[in-house]
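# Structure assessment
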Amino acid sequence: MDLLAYLSDDDDKNWVWGLITGTCGLICSIGSLILFIAALISIISADRLTTAAKILWAVVAFAFPFIGSLAWFFWGKKNQDKFSF
């Protein structure tokens, strides 16, 4: 019963809320970093892309780390043979 009274106090909820949002932010940041690194590895190892296309995709991934990485996996990787420069 004392634990519920302790958690119901508004002043003490701030650290719990901070812990929850901080943990979620850390998980999202690590996930985004893993996605970015996986995209760079995939761009570099793409056989059908020319060097110029790899550089262009790497610049897009660096300029827009989350969106650029998603764009590579959903659009660029599937269309390697159509859009190689």
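Our subject is the structure that appears above.
Below you will find a few notes about this structure.

Conventions adopted
Residues numbered from 1 in each chain as written. Predicted model: local features only at pLDDT ≥ 70, side-chain atom pairs only at ≥ 80, totals over all residues. Heavy atoms only, no water. Phe/Tyr/Trp six-rings, centres within 6.5 Å; stacked < 30°, edge-to-face > 60°. Helix = DSSP H or I, 4+ residues; strand = E, 2+ residues; numbered from the N terminus. Buried < 20%, exposed > 50% of the residue type's maximum accessible area, 1.4 Å probe, protein only. Axes fitted to C-alpha atoms, helices over the stretch in contact; angles between N-to-C directions. Parallel < 35°, antiparallel > 145°, perpendicular 65-115°, else oblique. Contact = heavy atoms within 4.5 Å. Nonpolar A, V, L, I, M, F, W, Y, C, P; charged D, E, K, R; others polar.

## Some points on the packing of aromatic side chains
Applying the stated criterion across every chain yields a total of three aromatic pairs. Taken together, a centroid distance of 5.2 Å and an interplanar angle of 75 degrees make the contact between Phe36 and Phe62 edge-to-face. Here the residue Phe36 occupies a position in helix H2 (residues 10-44), and Phe62 occupies one in helix H3 (residues 51-63), the gap between them amounting to 26 residues. A relative accessible area of 13% places Phe36 in the buried class. Classification of Phe62 as exposed rests on a relative accessible area of 55%.

## Quick word on the packing of H3 against helix H4 (residues 65-76)
Their axes nearest at 5 Å, the elements H3 and H4 cross at an angle of 140 degrees. Relative to H4, the element H3 is oriented oblique. Mapping the contact onto sequence places Trp57, Val60, Ala61, Phe62 and Ala63 in H3 and Pro65, Gly68, Ala71, Trp72, Trp75 and Gly76 in H4. Partitioning the contact of H3 with H4 into residue classes produces nine nonpolar, two polar and no charged.

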